[in-house]
Amino acid sequence: LCATILPDTGDLDLVTCLKTLDDWAQIVKRETDRKMWKFQRNPCDFENSEAYFRALVLITVLQRDLGVHYDVESRSRKEFKSSSEGFIHGLLTGNRAGTCANMPVLVADIGRKLGYPIYLVGAKGHTFCRWHSTQTGERFNIEASGRGFSSSSDEHYMHFPKLITEEEAKHGIYLRDLDPRPWTRN
């Protein structure tokens with residue numbers, strides 16, 4: 001919705017984008033259900049974690065089956081060429097190439113549609129996702145902008161892609177779960 005006011009989004013069809021998100025969530029759900037036997041047979045292949053398995057399937061379906069991929073050329077640019085590189089609509093239309101600005105948003109949205117406790121998390125110059133269940137205590141990071149599924153520690157993001165100082169870490173600007181609820185002014 002925010003992107004609709006930008007100069008290069010005059011023909012953006014929100015209804016189609018929202019339907020695509022719903023359709024993709026159903027594709028991920030079907031594939032997760034279909035592959036669940038793999039987890040049940042060998043949970044140790046998935047860190048003994050059904051959550052880890054679900055996150056792996058989510059990333060795999062988006063990339064392998066739906067063609068979402070990281071735009072490698074975007075790393076060498078200092079600014080986006082168009083809003084589609086930074087907003088989720090760029091992944092839902094066109095060539096489905098994204099960046100660390102919009103790929104984690106897509107992963108979080110699809111995951112939340114499936115009831116997964118996925119949050120956006122900011123590092124310095126980077127955004128990633130985190131599975132964080134307050135019910136089970138399970139917590140792991142999900143790198144949504146790479147190729148395939150990976151899960152790096154918070155310590156990794158203290159240094160990647162830019163160093164987070166102890167002062168910045170102390171103030172809680174980075175590496176915290178971002179609340180998905182709409183922001184309201186008190």
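Sequence order sets the numbering: in each chain, residues are counted from 1 along the sequence as written. Confidence filtering applies because this is a predicted model: local features only for residues at pLDDT of at least 70, side-chain atom pairs given and counted only at 80 or more, and all residues used for totals across whole chains, interfaces and linings. Based on all heavy atoms of the structure, the side-chain values leave hydrogens and waters out of the count.

Asks: Would you explain the pattern of salt bridges in this entry?
Replies: Side chains that carry opposite charge are capable of pairing whenever their charged atoms lie near each other. In the sections that follow, a salt bridge refers to a side-chain nitrogen of Lys or Arg positioned within 4 Å of a carboxyl oxygen of Asp or Glu. This model, assessed by the stated rule, comprises 14 salt bridges. Salt-bridge contacts for Arg 64 lead to Asp 65; the nearest nitrogen and oxygen are separated by 2.7 Å. Burial classes follow relative accessibility: with a 1.4 Å probe on protein chains only, a residue under 20% of its type's maximum area counts as buried, one over 50% as exposed, and anything between as partly exposed. Note on Arg 64: relative accessible area 53%, which makes it exposed. Judged by its relative accessible area of 38%, Asp 65 falls in the partly exposed class. Of the charged contacts, one joins Glu 168 and Lys 124 as a salt bridge, the two residues approaching to 3.0 Å between their closest N and O atoms. Here Glu 168, found in helix α6 (residues 166-171), pairs with Lys 124, found in the loop between β3 (118-123) and β4 (126-132); they are 44 residues apart in sequence, far enough to count as distant. We classify Lys 124 as partly exposed; its relative accessible area is 21%. Taken together, the shared-partner salt bridges in this structure form one network comprising Glu 31, Arg 34, Lys 35, Arg 64 and Asp 65. What counts as a helix is a DSSP run of H or I of at least four residues, what counts as a strand is a run of E of at least two, and both are numbered from the N terminus.

Asks: What is the right way to look at the packing of aromatic side chains in this model?
Replies: To describe a pair of aromatic rings, one takes the distance between the centres and the angle between the planes. Paired rings are identified among Phe, Tyr and Trp, the last through its six-membered ring, by centres lying within 6.5 Å, and are further divided according to the angle between planes into stacked (under 30 degrees), edge-to-face (over 60) and tilted (the rest). Inspection of every chain in the model, using the stated rule, returns nine aromatic pairs. An aromatic cluster is defined as three or more aromatic residues linked by ring pairs; in this entry it consists of Tyr 52, Tyr 116, Trp 131, Phe 140 and Phe 149.

Asks: How should I be thinking about the packing of helix α1 (residues 14-41) against helix α4 (residues 103-113) in this particular structure?
Replies: A packed helix pair is summarised by two numbers, namely the angle formed by the two axes and the spacing between the axes. α4 packs onto α1 with a crossing angle of 65 degrees between their chain directions and a minimal axis gap of 9 Å. The pairing of α1 with α4 is recorded here as roughly perpendicular in orientation. For the pair α1 and α4, the sense of crossing is right-handed. Contacts between α1 and α4 involve Leu 21, Asp 22, Trp 24, Ala 25 and Val 28 from the former and Leu 106, Asp 109, Ile 110 and Lys 113 from the latter. A per-class count over the contact of α1 with α4 returns six nonpolar, no polar and three charged. In this description, a line fitted to the C-alpha atoms serves as the axis of each element, helices being fitted only across the stretch in contact, and the angle between N-to-C directions of two axes falls anywhere from 0 to 180 degrees. Roughly parallel means an angle under 35 degrees; roughly antiparallel, over 145; roughly perpendicular, 65 to 115; everything else is oblique. Helix crossings fall into two classes, left-handed where the near helix is turned counterclockwise from the far one by less than a right angle and right-handed where it is turned clockwise. By definition in these notes, contact holds between two residues if any of their heavy atoms fall within 4.5 Å. Ten residue types, Ala, Val, Leu, Ile, Met, Phe, Trp, Tyr, Cys and Pro, are classed as nonpolar, four, Asp, Glu, Lys and Arg, as charged, and the remainder, Gly among them, as polar.

Asks: Would you mind going over unusual backbone geometry with me for this structure?
Replies: Glycine aside, residues mostly have negative phi, and peptide bonds are mostly found in the trans state. Of note, the amide linkage connecting Phe 160 to Pro 161 takes the cis form, showing an omega dihedral of -5 degrees. The residue Pro 161 is located in the loop between α5 (154-159) and α6 in this model. Despite not being glycine, Asn 48 has its phi angle at roughly 55 degrees, a positive value. Mapped onto the elements of the fold, Asn 48 is located in the loop between α1 and α2 (50-65). Judged by relative accessible area, which is 58%, Asn 48 ranks as exposed. Positioned with a positive phi, Leu 175 is a non-glycine residue whose angle comes to about 60 degrees. One can find Leu 175 in the loop between α6 and β6 (177-178). Relative accessible area serves as the criterion here: at 15%, Leu 175 is assigned to the buried category.

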